[in-house]
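Summary of structural features
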Amino acid sequence: MEQSPGDSRRIPIHRPEDFLGMHRAGRLAAECLDMIGPHVRPGITTGEIDRIIHDWTMARGATPATLGYRGYTKSSCTSINHVVCHGIPGERALIDGDIINIDVTVILDGWHGDTSRMYVAGQANTKARLLMDVTYESMMRGIAAVRPGATLGDIGHAIQTHVEKHRFSVVRDFCGHGIGRTFHAPPNVLHFGKPGEGPVLKPGMFFTIEPMVNAGRPEVKILDDGWTAVTRDRSLSAQFEHMLGVTEQGCEIFTLSPTGHHKPPYA
């Protein structure tokens, strides 16, 4: 999601019973990513990946949230190599060594389940593997900072410091977002920041944490299709995304893989 600096919209607080709907939607989204993993191999096109995701989602009584959203025409986003996010599925066939982020959002009984993971077609090189590992770990460190009384700046700081320690960079142009019965809602969850800054977390807040990390500089540009964001310096980019709810004790992650396939290499 593109960030809106200075956004002061009211952050929704959900009821305890709303967690069940989010767990169901999040689990279905995670199951979708589990399902698609074995299909990610050299030779398959991103359009074929999208078709498989669409058919699988519809067969389970859910709908893809991205299909028709603001004119978007596909059921997933497929972002390869230097594509940062919002890559549009099409005729591009994967080749050995490609890394790809697959981002899905399902709507189940009115609740949104939003998650993404990185995959590898064939064998990735050492730098790509490190980039994916650092990106995943930065997301998990951001999640570990979530608790009542913490701030969104605490989350961003945990992510940023881990990424920059490895001499990679955090993308500034996009951010996580509130979610629930609405696809995108307050707050904007920046993946960089200072401890103690920003809105204070309260039980019942639902949002995504989805850092985009570049191997080179953080700057991105949007292609002429109006969606695809790429690194300006053509460096590799990686992203992982979880969706969670703040609880009295900390947080619950709604999009954990039921099979333990959290990051490459997948069995």
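The structure contained in this document is the topic of the report that follows. Starting afresh in each chain, residues are numbered from 1 along the sequence in its written order. Given that this is a predicted model, residues contribute local features only at a pLDDT of at least 70 and side-chain atom pairs are listed and counted only at 80 or more, while totals for whole chains, interfaces and linings are drawn from all residues. As a rule here, side-chain values come from all non-hydrogen atoms in the structure, and water together with hydrogens is ignored.

Let us look at the nonpolar core. Residues M132, V146, I155, L201, F207 and I209 are the most contacted members of the largest nonpolar core, which totals 33 residues. Only DSSP runs of H or I covering at least 4 residues are called helices, and only runs of E covering at least 2 are called strands; the numbering of each starts at the N terminus. Elements supplying a minimum of two residues to this core: β5 (111-120), α3 (126-144), α4 (152-165), β9 (206-209) and β14 (242-246). Among the elements that make up this core, the one with the highest residue count is α3 (7 residues). Contact criterion: two residues are considered in contact whenever any of their non-hydrogen atoms come within 4.5 Å of each other. With sequence-adjacent residues up to four places away left out, M132 is seen in contact with I99, M118, V120, A124, A238, F240 and P264. Only buried residues count toward a nonpolar core. Its members are Ala, Val, Leu, Ile, Met, Phe, Trp, Tyr and Cys residues joined through side-chain atoms within 4.5 Å. Accessible area is worked out with a 1.4 Å probe on protein chains only. A residue is then buried under 20% of its type maximum, exposed over 50%, and partly exposed in between. If you look at the next biggest cluster of nonpolar residues, it comprises 30 residues, including L28, L33, I102 and V106.

For Phe, Tyr and Trp, rings pair up if their centres lie within 6.5 Å, where Trp contributes its six-membered ring, and each pair is then called stacked (planes under 30 degrees apart), edge-to-face (over 60) or tilted (otherwise). Tallying each qualifying case throughout the model produces 7 aromatic pairs. With a centroid separation of 4.9 Å and an interplanar angle of 85°, the aromatic rings of F19 and F206 are classed as edge-to-face. Here F19, found in helix α1 (residues 18-36), pairs with F206, found in strand β9; they are 187 residues apart in sequence, far enough to count as distant. Both residues of the pair, F19 and F206, count as buried. Aromatic pair F206 and F254: ring centres 5.4 Å apart, planes at 85°, arrangement edge-to-face. One end of the pair, F206, is in strand β9; the other, F254, is in the segment after β15 (251-253), with 48 residues separating them in the sequence. Clustering of aromatic rings is evident, with ring pairs tying together F19, F206 and F254. For the cation-ring pair, R172 lies above F192, with the distance from its terminal atom to the ring centre recorded as 4.7 Å. The criterion is that NZ of a Lys, or CZ of an Arg, lies within 6 Å of the ring centre and within 35 degrees of the ring normal, and then a charge sits over that ring.

Our focus in this paragraph is helix α2 (residues 46-59). When the terminal C-alpha atoms of α2 are compared, their 20 Å separation across 14 residues agrees well with the 20 Å that a helix rising 1.5 Å per residue should span. Residues T46, I49, D50, I52, I53, W56 and T57 constitute the buried set of α2. For α2, the arc enclosing every buried residue in end-on projection is 160°, short of the 170-degree limit, so these residues lie on one face. On its buried side, α2 packs onto α1, β1 (63-64), β2 (77-80) and β4 (99-108). Where α2 terminates, the next one or two residues include G61, which has phi positive at roughly 75°. One less than the residue count of a helix, multiplied by 1.5 Å, gives the span that helix is expected to have. It is the directions from the helix axis to the C-beta atoms whose arc is reported.

It is worth spelling out the side chain of D18 at this point. Relative to the elements of secondary structure, D18 occurs in helix α1. Residue D18 is classed as buried on the basis of its relative accessible area, which comes to 7%. When near neighbours in sequence (up to four residues on either side) are disregarded, D18 contacts W111 and F206.

Glancing now at the sheet that holds strand β11 (residues 220-222). Taken together, the 3 strands give an open sheet; going across it, the order is β3-β12-β11, and neighbouring strands pair in antiparallel fashion. What marks the edges here is a single partner per strand, and that holds for β3 (83-85) and β11. On average, each strand axis in the sheet is tilted by 40° relative to the strand beside it, whichever way the strands run. A pair of strands is labelled paired if DSSP reports no fewer than 2 bridges between them. For β3 and strand β12 (residues 229-231), the ladder comprises 2 bridges, and the chain directions are antiparallel. Residue pairing in the sheet places V83 in a bridge with V230 of β12. Angles run from 0 to 180 degrees between N-to-C directions of axes, and those axes are lines fitted to C-alpha atoms, restricted for helices to the stretch in contact.

Relative to the 27 Å expected for 19 residues at 1.5 Å per residue, α1 spans 28 Å between its end C-alpha atoms, a close match to the ideal helical length. A large share of α1 lies buried, amounting to 14 of its 19 residues.

The residue T255 is located in the segment after β15 in this model. Side-chain polar atoms of T255 contact the backbone nitrogen of M243, separated by 3.0 Å. Residues in contact with T255, not counting those within four places in the same chain, are G26, A30, D114, T115, E241, H242 and M243. Polar contact is the term for a pair of N or O atoms within 3.5 Å; when the atoms are in protein, one must be able to donate a hydrogen and the other to accept it, and sequence-neighboring residues count only if both atoms are side-chain atoms.

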